[in-house]
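Here are the chains, one letter per residue:
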Amino acid sequence: MPIISLIAAPGALDPALAENLRNAWGGGAVQWLSPDEAAEFAVPALPDTWDDTRAALADQADVNALPDEGRRKQMLLADMDSTMIQQECIDELANEAGFGSRVKAITARAMNGELDFEGALTERVALLKGLPEAVIARVLDTRITPMPGGATLIATMKAHGAHCALVSGGFTAFTTRVAGDLGFDEHRANTLEIADALLTGTVTPPILGREAKIEALEQISARLGIAEADVIAVGDGANDLGMLGRAGLGVALHAKPSVQAQCDLRVNHGDLTALLYLQGYARDDFAAP
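Residues numbered from 1 in each chain as written. Predicted model: local features only at pLDDT ≥ 70, side-chain atom pairs only at ≥ 80, totals over all residues. Heavy atoms only, no water.

Caption draft 1: How the structure looks around the sheet that holds strand S5 (residues 75-78). Strand order in the open sheet made by the six strands is S7-S6-S5-S10-S11-S12, with parallel pairing throughout. Both outer strands of the open sheet, strand S7 (186-190) and strand S12 (265-267), are each paired with one neighbouring strand and no more. When the angles between neighbouring strand axes are averaged without regard to direction, this sheet yields 20 degrees. In this structure, strand S10 (residues 231-235) lies alongside strand S11 (residues 249-253), joined through four bridges in parallel fashion. Looking across to S11, one finds that Gly235 is bridged to Ala252. Taken strand by strand, helix H7 (residues 150-159) contacts S5, strand S6 (163-171) and S10, and its axis lies near 155 degrees from that of S5. (Pairing = 2+ DSSP bridges. Helix = DSSP H or I, 4+ residues; strand = E, 2+ residues; numbered from the N terminus. Axes fitted to C-alpha atoms, helices over the stretch in contact; angles between N-to-C directions. Contact = heavy atoms within 4.5 Å.)

This is the structure in structure tokens:
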């Protein structure tokens, strides 16, 4: 039986909405994972009105359908930029180089799937040529902030035995810090080339893009001896679609419109703890980061 999940910002989920949906769809008892924030109920089957109702409620809550078995995953595979952190690292570096608006526009188009990721990354990194290496630390210290709920997501999954991997089309200079701060078990990203303490405007090939994220899913799950169905993946950009489509649960988090259109699971109201609710964890189950 499918599980219908409703998630809103804390305090914003109207109990009447959950009860009305349950009654309309012939569902079982409503289970509250967090009062006025996250609820779920089982239904015999998805109703014919599923797509229309989901769209009609999009401004009020994230409404998703999940399997009733195997929801708690053994691995988290997460994008970094605009997913585990609130910024795009390359945009922040470009601001320091004086090309902020130009690079931001390219980033937005690439993440929406309008541009080839590898070509767009090469073009943007080239604009960073000559930027002092020390700028990276300054950006990390002053411009980069974690996405709300990320540390709790990782702490809770690790407390239940899951492996957490950060895989980014960004740069190891950032994933090293972010992975360490949030508690990831490992990370993968591109490497900015540096000579004489200056960025050269290039990255070490091959460029980690969409296919490399799929490879990370394949390789890490195989190494852990788990199935791809045992993985929950989260991202926001077009280069994440491959891993989102392959993972047992692929979640588009505050994602670009073209990405949301291709993902069954979407989170726009909740923070990263929504990934715990989607797996059936209640707020009382959350581990302290």
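Moving on from the model shown.
Caption draft 2: Region of interest: the packing of helix H3 (residues 89-97) against helix H6 (residues 134-142). At their nearest, the axes of H3 and H6 sit 10 Å apart, and the two run at 120 degrees to each other. Taken as axis vectors, H3 and H6 run oblique relative to one another. Relative to H6, H3 is oriented so that their crossing is right-handed. Residues Glu92, Leu93 and Glu96 of H3 touch H6, and the partners they reach there are Val135, Ile136, Arg138 and Val139. Taken together, the residues that form the contact of H3 with H6 break down as four nonpolar, no polar and three charged. (Parallel < 35°, antiparallel > 145°, perpendicular 65-115°, else oblique. Left-handed = near helix turned anticlockwise from the far one by under 90°. Nonpolar A, V, L, I, M, F, W, Y, C, P; charged D, E, K, R; others polar.)

Caption draft 3: Just helix H1 (residues 15-25), in detail. Buried within H1 we find Leu17, Ala18, Leu21 and Trp25. Relative to the axis of H1, the buried residues are bounded by an arc of 100 degrees and lie together on one face. Buried-residue contacts for H1 involve strand S1 (3-7), strand S2 (31-34), strand S3 (38-42) and helix H2 (50-56). Backbone nitrogen of Ala16 and a side-chain oxygen of the N-cap are separated by 2.9 Å at the start of H1; the cap is Asp14. A positive backbone phi angle near 65 degrees is found at Gly26, which sits one or two residues after H1. (Buried < 20%, exposed > 50% of the residue type's maximum accessible area, 1.4 Å probe, protein only. Arc of directions from axis to C-beta. Polar contact = N/O pair within 3.5 Å; in protein donor to acceptor, adjacent residues only side chain to side chain.)

Caption draft 4: The state of the cysteines, seen in detail. Taken as a whole and assessed by the stated rule, the structure comprises zero disulfides. With no disulfide partner, Cys164 has as its closest neighbouring cysteine sulfur the one in Cys89, 19 Å distant. (Disulfide = S-S within 2.5 Å.)

None of this, on its own, says anything about what the molecule does.
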